[in-house]
Amino acid sequence: MRVGCPKEIKNHEYRVGLTPGAVREYVAHGHDVIVETKAGMGIDADDAAYQAAGAQIVGSAREIFERSDMVVKVKEPQPSEWAQLRDGQLLYTYLHLAPDPEQTKGLLASGCTAVAYETVTDDRGGLPLLAPMSEVAGRLAIQAGATSLQKANGGRGILLGGVPGVLPAKITIIGGGVVGLNSAKMAVGLGADVTILDRSLPRLRQLDDIFGGRVHTRYSTIEALEEEVFSADVVIGAVLIPGAAAPKLVTREMLSGMKNGSVIVDVAIDQGGCFETSHATTHADPTYVVDGVIHYCVANMPGAVPITSAHALNNATLQYGLLLADKGLKAIAEDRHLRAGLNVHKGRITSRPVAEALGYELADLDQVLKVA
């Protein structure tokens, strides 16, 4: 199979779908790999590094889309990219389709087969290709919150960890999954006062054991959510429903009860965000203010640390990518975890959460995946 990797074009996106190390693995499996020139510059991997790994360098994204059987990316295809996808072509990347009807229409019209990193599963019921970026985003969320909290940036002017004799900032984390856990690790390390809200009592018990009493855990009810959000200096939105749009847990009305100059960091923004007032921002212009509350809603947070995040992502995606390259559609038919990752195939929606969120008929996987 010819595997292609274009340069990412989303605003301030410096990650790359294939590192030179990953290219070497595909080549070792007998595949041809083509990489757009300068695709790896954001991770300090020049064209020579890709050539040494066995890739052919091409001069444009157009050549990647024209010549590749399988396209490997990081972020969801932009309009100029989905217009170049074609019938029968494999796309392997993050998609986040539930809150993105336009991209969904573009992928359906292309006839491509699109496997979304964020819905591929594992034997433990986890999301192994989403987890590494959730780890990065969770840790970055605290850095973003701390920076936004500074007075010069419009925040309340509080140091996250405080100093002796002065109380630290109060951090409320909504959701105790991978993002929430990693946010809490960073916040606790900086000395903040941290509360995690979740609706899974087993998970709250697990978090309590992990942190040994250094964080507060609280079952998430409307009353508990309001109390914690109103008292917080920084609120981290870390709620995930796999493949589906994030629930709007913090309403516009609730902002009036929050502290002036407090900060919201919506890590769920790729799935539409869990704050009613959230809309996607970029690293070039990351924040905006609603009712005195700073909103940080960057849709590709891990792109700010591309060397860390690109290698972490490739470590996770390589195994499944090689399966796709080796077997094509047969890999999806045989592997239940890749089946969960299939979102679009030949003009049909194959992911239940996406179909329900956008009002499409759900295709029968056994029918659409018949392989001759």
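Scope of this entry: the structure provided in the associated data block.

What counts and how
Residues numbered from 1 in each chain as written. Predicted model: local features only at pLDDT ≥ 70, side-chain atom pairs only at ≥ 80, totals over all residues. Heavy atoms only, no water. Helix = DSSP H or I, 4+ residues; strand = E, 2+ residues; numbered from the N terminus. Rg over C-alpha atoms; globule rule 2.2 N^0.38 Å. Buried < 20%, exposed > 50% of the residue type's maximum accessible area, 1.4 Å probe, protein only. Contact = heavy atoms within 4.5 Å. Areas by Shrake-Rupley, 256 points an atom, 1.4 Å probe, with all protein chains shown as cover. Lys, Arg positive; Asp, Glu negative; His and termini not counted. Charge placed at Lys NZ, Arg CZ, Asp CG, Glu CD. Axes fitted to C-alpha atoms, helices over the stretch in contact; angles between N-to-C directions. Parallel < 35°, antiparallel > 145°, perpendicular 65-115°, else oblique. Left-handed = near helix turned anticlockwise from the far one by under 90°. Nonpolar A, V, L, I, M, F, W, Y, C, P; charged D, E, K, R; others polar. Pairing = 2+ DSSP bridges. Patch = residues over 30% accessible without salt bridge, like charges linked within 9 Å, V, L, I, M, F, W, Y side chains within 5 Å. Salt bridge = Lys/Arg side-chain N within 4 Å of Asp/Glu carboxyl O. Right-handed = clockwise from strand over helix to strand, strands pointing away. Expected span 1.5 Å × (residues − 1).

**Concerning the overall build of the protein chain**
No. 1: The helix and strand tally for the protein chain stands at 15 helices and 15 strands.
No. 2: For 372 residues, the compact-globule estimate of 2.2 N^0.38 gives 21 Å, and the protein chain sits close to it at 21 Å.
No. 3: On the principal axes, the C-alpha backbone points of the protein chain span a range of 65 × 45 × 35 Å.
No. 4: Residues counted as buried form 54% of the 372 residues belonging to the protein chain.
No. 5: Relative to all contacts within the protein chain whose residues are 6 or more apart in sequence, the contacts with residues 24 or more apart total 62%.
No. 6: Entry remark: accessible area of the protein chain is about 15,400 Å², with carbon and sulfur atoms responsible for 51%.
No. 7: Across the protein chain, the 34 positively charged side chains and the 42 negatively charged ones have centroids separated by 1 Å.

**Notes on the packing of helix 6 (residues 131–148) against helix 7 (residues 178–189)**
No. 1: It is the contact of helix 6 with helix 7, at a shortest axis distance of 7 Å, that shows an interaxial angle of 40°. Here helix 6 lies oblique to helix 7, going by the angle between them. Where helix 6 crosses over helix 7, the handedness of that crossing is right-handed. On the side of helix 6, the interface is formed by Ala131, Ser134, Glu135, Gly138, Arg139, Ala141, Ile142 and Gln143, while helix 7 contributes Val178, Val179, Asn182, Ser183, Lys185, Met186 and Ala187.
No. 2: Taken together, the residues of the contact of helix 6 with helix 7 break down into seven nonpolar, five polar and three charged.

**Quick word on the sheet that holds strand 13 (residues 293–296)**
No. 1: Spatial strand order, 9-8-7-10-11-13-12: seven strands in an open sheet with mixed pairing. For this open sheet the edge positions go to strand 9 (216–219) and strand 12 (287–290), each flanked by a neighbour on one side alone. Averaged over all pairs of adjacent strands, the angle between their axes in this sheet comes to 20°, without regard to strand direction.
No. 2: Bridging between strand 12 and strand 13 involves four bridges; their strand directions are antiparallel. When the sheet's bridge partners are listed, Thr287 is paired in strand 13 with Tyr296.

**A closer look at a nonpolar patch on the surface**
No. 1: Where nonpolar side chains cluster on the molecular surface, the patch consists of Leu159, Val163 and Val166 and spans about 280 Å² of accessible area.
No. 2: Looking at the secondary structure, you find Val163 in the loop between helix 6 and strand 7 (170–174).

**Considerations on the pattern of salt bridges**
No. 1: Under the definition given, this model contains 20 salt bridges.
No. 2: Note that Lys75 is salt-bridged to Glu76, the shortest N-O span being 3.6 Å. Note on accessibility: Lys75 and Glu76 belong to one class, buried.
No. 3: One salt bridge in this structure joins Lys170 and Glu228, with 2.9 Å as the shortest N-O distance. Of this pair, Lys170 sits in strand 7 while Glu228 sits in helix 9 (residues 222–231), and the two are 58 residues apart along the sequence. Taken individually, Lys170 and Glu228 each receive the classification buried, so the pair is uniform in this respect.
No. 4: Shared partners join several salt bridges into a network, and the residues in it are Lys10, Lys75, Glu76 and Asp270.

**Regarding the pairing of strand 1 (residues 2–5)**
No. 1: Pairing between strand 1 and strand 2 (residues 32–36): four bridges, direction parallel. Bridge assignment links Gly4 to a residue of strand 2, and that residue is Ile34.
No. 2: Taken together, strand 1, helix 1 (residues 20–28) and strand 2 form a β-α-β motif whose crossover is right-handed.
No. 3: As defined by bridge partners, strand 1 adjoins strand 4 (residues 70–72) across two bridges and the pair is classed as parallel. Within strand 4, the residue paired with Gly4 across the bridge is Val71.

**Quick word on helix 6**
Counting along an α-helix, one turn takes 3.6 residues, and residues three or four places apart therefore face a common direction.
No. 1: Helix length check: helix 6 (18 residues) gives 25 Å between terminal C-alpha atoms against 26 Å at 1.5 Å per residue, within 8%.
No. 2: Along helix 6, the positions that sit buried rather than exposed are Pro132, Met133, Ser134, Val136, Ala137, Gly138, Leu140, Ala141, Ile142, Ala144, Gly145 and Ser148.

**Let's talk about the pairing of strand 10 (residues 234–237)**
No. 1: Residue alternation in strand 10 divides its side chains into two sets, Val234 and Ile236 and Val235 and Gly237, and both sets are buried.
No. 2: Here strand 7 runs beside strand 10; their pairing, made up of four bridges, is parallel. Each residue of the ladder has a partner; that of Ile174, found in strand 10, is Gly237.
No. 3: In the sheet, strand 10 pairs with strand 11 (residues 263–266) via four bridges, with the strands oriented parallel. Within strand 11, the position partnered with Ile236 by the bridge is Val265.

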